[in-house]
Amino acid sequence: MGRTGTQAAEAEAELARALRTGPFHLALRTALTARGLALHRVQHRLAQRGVRVGVTSLSYWQQGARRPQRPESLRAVRMLEDVLDLPAQALTRLLEPTGASPETERPAARSYRLLVEESRALERLLAELESPADGGLHTVCHLERVFIGPDRALSGRDSQHVVRAHRDGVDRYVAIHHGDSGCDPGRVTVRATENCRVGRVRWHSGSGVLVAELLFDARLRAGETYVFGYGFDDGTGGPSGEYIRGFSFAGGQYVLQVRFDNAALPVRCRRFARASATAPRTAQQELTLAGRHRGVHLVEPAVRPGILGISWDWT
């Protein structure tokens, strides 16, 4: 049974509001509803225009779980405007950076370019996964354990992570691993240990950077928290002298533990902070190697954008 004239007018008015105020995913979903088009029909019409995009990607876009970022994805959005009989730029303008409203405000961010020297490789890998800048998640608490083997190399690390969604539909987290000099990221193993599974994995051999999707067992609503665990098995790099964690966003508590094999104990350990990858080290503090597991740790109650780390000397 078709819609009445009143219902059609109401749908067009709702679409006009969504196109005017956004966000992108709401505008797209409203346009699809107003035009009465299923995603497979939209995919078919895009293909007729020479644009190939998966139904899964279209679904993620309309749910707000992902945002189109790659050039081919943005081209698809421009074609969507034609398919959905929308004014030019009606959807694409909603993808342009804007100031956040109070309802969607996110923590202050710092570009990855300031956090890691291999930022170009990292940005390309994240673009391949169409990973949004913040992923839709705040960190509530992150406990990370790093293991240094008897050969003084980074053998692996484990993470227990608690996050909170700040938009509906988030169902994944993108974890980043940056190995030490000589690391072969193609031989690094990604492990999903709790409440998640490994999705797509991408790496760049020259920089030793690897990114991995961790797919949640549930799709989160804005405000919901989620606990998950994951790890990386490395052991492919040379001797390690430090472990750092870069933060693009302010967040909750971060705890870093570094454990050493009894056959290779450092003579000195210290914690430090850096505002960026090229900035000098600050807040340096000596750490005492102690405990049955021969480790040191740092605790940061409220993370700020920048870098935290622990370094050590072997002789």
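Everything discussed here concerns the structure shown above.
Each chain carries its own residue numbering, running from 1 in the direction its sequence is written. Per-residue local features of the predicted model are confined to residues with pLDDT of at least 70, and side-chain atom pairs are confined, for both listing and counting, to 80 or more; whole-chain, interface and lining totals are unaffected and use all residues. Side-chain metrics in this entry use all non-hydrogen atoms of the structure; hydrogen atoms and water are not considered.

1. Regarding the pairing of strand 6 (residues 209-220)
- For every residue, the accessible area (1.4 Å probe, protein chains only) is compared with the maximum for its type, and the residue is labelled buried under 20%, exposed over 50%, or partly exposed between those bounds. Only DSSP runs of H or I with at least four residues qualify as helices, and only runs of E with at least two residues qualify as strands; both kinds are numbered from the N terminus onward. Counting buried positions along strand 6 yields nine of 12 residues, so the element is predominantly enclosed.
- For two strands to pair, DSSP has to find at least two bridges joining them. Pairing geometry for strand 3 (residues 170-178) and strand 6, over eight bridges, is antiparallel. Counterpart to Arg 172 in the pairing with strand 6 is Leu 215.
- The hairpin formed by strand 5 (residues 196-204) and strand 6 contains four residues between the paired strands, and Gly 208 there has a positive phi angle of roughly 75°.

2. Comments concerning the nonpolar core
- If you look at the biggest cluster of nonpolar residues, it comprises 27 residues, and the most contacted ones within it are Trp 61, Leu 80 and Leu 91.
- Those elements that provide at least two residues to this core are helix 1 (5-21), helix 2 (24-35), helix 3 (39-48), helix 4 (55-63) and helix 5 (71-83).
- Of the residues forming this core, the biggest block, six residues, is contributed by helix 2.
- The set of buried Ala, Val, Leu, Ile, Met, Phe, Trp, Tyr and Cys residues whose side-chain atoms join them within 4.5 Å is what this entry labels a nonpolar core. If you look at the next biggest cluster of nonpolar residues, it comprises 20 residues, including Val 146, Ala 264, Cys 269 and Ile 310.

3. Comments concerning the packing of aromatic side chains
- Pairing of aromatic rings covers Phe, Tyr and Trp, the last counted by its six-membered ring, and requires centre-to-centre distances within 6.5 Å; plane angles under 30 degrees mean stacked, over 60 mean edge-to-face, and any other angle means tilted. For the coordinates displayed, the defined rule picks out 10 aromatic pairs.
- Between Tyr 173 and Phe 228, the aromatic rings sit 5.4 Å apart at their centres with planes inclined by 55°, giving tilted as the arrangement. Separated by 55 residues along the polypeptide, Tyr 173 in strand 3 and Phe 228 in strand 7 (residues 225-233) bring together distant segments of the chain. Phe 228 matches Tyr 173 in its accessibility class, with the two residues each being buried.
- With 6.0 Å between their ring centres and 40° between their planes, Tyr 173 and Tyr 230 make a pair best called tilted. Of this pair, Tyr 173 sits in strand 3 while Tyr 230 is found in strand 7, placing the two residues 57 residues apart along the sequence. Taken individually, Tyr 173 and Tyr 230 each receive the classification buried, so the pair is uniform in this respect.

4. Observations concerning the sheet that holds strand 1 (residues 137-148)
- Strand order in the open sheet formed by six strands is 4-7-2-1-9-12, with mixed pairing between adjacent strands. Strands at the two margins of the open sheet, each flanked by one partner only, are strand 4 (189-194) and strand 12 (295-300). On average, each strand axis in the sheet is inclined to that of its neighbour by 15°, with strand direction left out of account.
- Where strand 1 lies against strand 9 (residues 253-260), eight bridges are found, and the strand directions are parallel. Bridging from a neighbouring strand, His 142 pairs with Tyr 254 of strand 9. Each axis is a line fitted through C-alpha atoms, and for a helix only the stretch in contact is used; angles between axes span 0 to 180 degrees, taken between their N-to-C directions.

5. Examining the side chain of His 161
- Counting through the fold element by element, His 161 comes out in strand 2 (residues 154-165).
- Taking the relative accessible area as the measure of exposure, His 161 reaches 1% and is therefore buried.
- Any pair of N or O atoms that falls within 3.5 Å is considered a polar contact. Within protein, one atom must be able to donate a hydrogen and the other to accept it, and sequence-neighbouring residues count only if both atoms are side-chain atoms. At a separation of 3.4 Å, a polar atom in the side chain of His 161 contacts the side chain of Tyr 230.
- Sequence-distant contacts of His 161, defined by excluding residues within four places in its chain, comprise Thr 139, Cys 141, His 142, Tyr 173, Tyr 226, Val 227, Phe 228 and Tyr 230. Any pair of residues with heavy atoms lying within 4.5 Å of one another is described as a contacting pair.

6. Overview of the pattern of salt bridges
- In the sections that follow, a salt bridge refers to a side-chain nitrogen of Lys or Arg positioned within 4 Å of a carboxyl oxygen of Asp or Glu. Within this structure, the stated rule accounts for 16 salt bridges.
- The salt bridge involving Arg 49 is made with Asp 82; its shortest N-O contact spans 2.7 Å. Of this pair, Arg 49 sits in the loop between helix 3 and helix 4 while Asp 82 sits in helix 5; the two residues are 33 residues apart in sequence, bridging distant segments of the chain.
- Residue Arg 49 is classed as partly exposed on the basis of its relative accessible area of 33%.

7. Details of the packing of helix 3 against helix 4
- Contact geometry for helix 3 and helix 4: axes closest at 9 Å, N-to-C directions at 115°. Read as a crossing pair, helix 3 and helix 4 show a hand that is right-handed. Contacts between helix 3 and helix 4 pair Leu 39, His 40, Val 42, Gln 43 and Leu 46 from the former with Val 55, Leu 58, Ser 59 and Gln 62 from the latter.
- Here the contact of helix 3 with helix 4 is composed, by residue class, of five nonpolar, four polar and no charged. Each crossing gets its hand from how the near helix is turned against the far one by less than a right angle, where anticlockwise is left-handed and clockwise is right-handed. Under the convention adopted here, Pro, Cys and the residues Ala, Val, Leu, Ile, Met, Phe, Trp and Tyr are nonpolar, Asp, Glu, Lys and Arg are charged, and Gly plus all remaining residues are polar.

8. Focus: unusual backbone geometry
- A positive phi is found at Gln 89, a non-glycine position, where the angle reads about 75°.
- Structurally, Gln 89 is set in the loop between helix 5 and helix 6 (119-128).
- The backbone phi angle of Asn 195 is positive, close to 60°, even though this residue is not glycine.
- Tracing the backbone through its elements, the reader meets Asn 195 in the loop between strand 4 and strand 5.
- Classification of Asn 195 by relative accessible area gives partly exposed; the value is 32%.

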